[in-house]
Amino acid sequence: SLILGIESSCDETAAALVTSDRHILAQRVAGQESAHRPFGGVVPEIAARAHVEILPALIADVLAEARIALAGVDAIAATAGPGLIGGVMVGLMTGKGLALAANKPLIAVNHLEGHALSPMLTDPNLAFPYLLLLVSGGHCQLLFVEGVGRYRRLATTIDDAAGEAFDKSAKLLGLGFPGGPAVEKAAKDGDSEAVPLPRPLTGTAEPHFSFAGLKSAVLRAHDSGHYSVPDIAASFQRAVVDCLLDRTKRALTHAAGATALVVAGGVAANQAVRGALQALADAHDLPFVAPPLWLCTDNAAMIAWAGALRYEAGMVDGLDAAARARWPLDPAAEKARGAGV
Ligand code: ATP
Ligand code: MG
Ligand code: FE
């Protein structure tokens, strides 16, 4: 099958055409960094307006590039949450309009499912079930991925997400926005042992992550005037990697049957994160799978791909599908821990 994917849940406007046998016919991502940079972070209202302006032409572009008419796609997959609700509504309503106009089924995709299944798009050998570290701007979770729509959450963050920690620390250090790539770049010239920073929750019996204390420690180190920005960036990155590694190592003991260790989400683009997880997987004799860098950060190929897997499984949605600001992949785990964790 051939699926048109639409993504607009944060500050990337994206469209893609992907087949169920892993061919990416066309895919485009339009970032909005310059529109948000003056504010030091994503402004929801500006993002939603930008999606309205950019998305229709972007969809026309991918169809033209692949030489496909809208009538030639089998279904339209749009992110229906979680994310900034204004942006989600723009993408979902665009998808609904196209589905209605072309008389095609709509697939309302969970953005997190897009990230979670993205490693399968570029690695045909990856099979269910796998242990997934989902590290993005809004989430930091360990998930046992059993199949399409079947996710068991083993851990989540009790405060900030990993990408959020990168972004906030970058801001404190004056490295600008978006923070992840800026911290990684600055860290290259720094000493990761130079600044003593905490590794919250590591070594504990509980499964979860915490990054808020680390961010505060970065602020104190910077204010002290004793350390260079590259040294703080390198030490911070090392601390995040240590936290991710410790928690993932623990989760592996609760993920019997996992066929691979997998990472996805924007922070999975970080080379230090990838290297550490690769070594952990090697030590456990597990294959390690990470998507190519462009597939880690937000894009529509992963939404089209999740849509393709859903379409093949007969999982399509009605035109009454809701846009959702919050939408956990494992609602039972979310409920058990209480809202927000
Ligand atoms: P979510 O997917 O949870 O809704 P999001 O869609 O905003 O959040 P992504 O696009 O998946 O998040 O990832 C963006 C995040 O990834 C940002 O926090 C960004 O700083 C971080 N990031 C991107 N590249 C890197 C990198 N090289 N190193 C560290 N972090 C990175
Ligand atoms: Mg972004
Ligand atoms: Fe994302």
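Each chain has its residues counted from 1, running along the sequence as written. Key to labels: chains lettered from A, ligands numbered from 1, both in the order written. Totals for whole chains, interfaces and linings use all residues, but because this is a predicted model, local features are given only for residues with pLDDT of at least 70 and pairs of side-chain atoms are given and counted only at 80 or more.

Student: Summarise the environment of Phe288; cite the residues concerned and give the values.
Tutor: Numbering of helices and strands runs from the N terminus, with a helix taken as a DSSP run of H or I at least four residues long and a strand as a DSSP run of E at least two residues long. With respect to the element layout, Phe288 can be found in strand β10 (residues 288–289). A tally of 16 C-beta atoms within 10 Å means that Phe288 is categorised as partly exposed. The sequence separation of Phe288 and Leu98 amounts to 190 residues, and the corresponding C-alpha distance is 38 Å. In this description, a residue-residue contact is defined by the distance between C-beta atoms placed from the backbone, which must lie within 7 Å. Apart from residues no more than four positions distant in its own chain, Phe288 is found in contact with Leu261, Leu277, Gln278 and Ala281. Any residue surrounded by 20 or more other C-beta atoms within 10 Å of its C-beta is treated as buried, while 12 or fewer makes it exposed and the intermediate range makes it partly exposed; C-beta atoms here are placed from the backbone.

Student: Quick rundown of the UniProt feature "binding site: Fe cation" (unreviewed entry) in the protein? Include the residues and the values.
Tutor: Listed under "binding site: Fe cation" (unreviewed entry) in the UniProt record, and renumbered for this structure, are His111, His115 and Asp298. Taken together, the annotated residues stretch across 188 residues yet fold into one region, lying no more than 8.9 Å apart by C-alpha. Topologically, His111 is positioned in helix α4 (residues 111–122). Ignoring anything within four residues of it in the chain, the contact list for His111 reads Ser9, Thr79, Gly81, Pro82 and Gly83. Of the residues examined, His115 has 31 C-beta atoms within 10 Å and is grouped as buried. Apart from residues no more than four positions distant in its own chain, His115 is found in contact with Leu134, Ser136, Ala264, Gly265 and Met302. UniProt positions are given in the numbering used here, feature names are shortened, and annotations may be inferred rather than shown by experiment.

Student: Residues and numbers for the nonpolar core, please.
Tutor: Counting 111 residues, the largest nonpolar core has Ala77 and Ala304 as its most contacted members. Top element by residues in this core is helix α8 (residues 229–252). It accounts for 10 residues. Leaving out residues up to four positions away in the same chain, Ala77 has contacts with Ile3, Leu4, Gly5, Ile107, Val109, Ile303, Ala304, Ala306 and Gly307. For the purposes of this analysis, a nonpolar core is taken to be any set of buried Ala, Val, Leu, Ile, Met, Phe, Trp, Tyr and Cys residues that are connected through C-beta atoms within 7 Å.

Student: I'd love a proper account of unusual backbone geometry, names of residues and values included.
Tutor: Between Gly81 and Pro82 the backbone carries a cis peptide bond, its omega angle lying at -10°. Looking at the element boundaries, Pro82 is found in the loop between β4 (75–81) and α3 (85–102). Each neighbour pair has its own omega, and for Phe177 with Pro178 the value is -5°, a cis peptide bond. Here Pro178 lies in the loop between α5 (162–172) and α6 (179–187). With a phi close to 55°, Arg67 is a non-glycine residue in the positive phi region. Here Arg67 shows up in the loop between α2 (44–66) and β4. For Arg67, a count of 9 C-beta atoms within 10 Å gives the class exposed. One non-glycine residue, Leu201, adopts positive backbone phi at about 70°. In this fold, Leu201 is placed in the loop between α6 and α7 (212–224).

Student: Hey, could you go over the site of ligand 1 for me, with residue numbers and the actual values?
Tutor: Only the C-beta atom matters for this test: placed from the backbone, it must lie within 6 Å of a molecule or strand for the residue to be near it. Lining the immediate surroundings of ligand 1 are 24 residues, of which Gly137, Gly138, Gly163, Gly180 and Gly266 lie closest. Listing elements by their share of the shell around ligand 1, those giving two or more residues are α4, α5 and α6. In terms of residue count, the dominant contributor to the shell around ligand 1 is α6 (4 residues). Across the shell around ligand 1, the residue classes tally to 6 nonpolar, 15 polar and 3 charged. Classification convention: Asp, Glu, Lys, Arg as charged; Ala, Val, Leu, Ile, Met, Phe, Trp, Tyr, Cys, Pro as nonpolar; all other residues, Gly among them, as polar.

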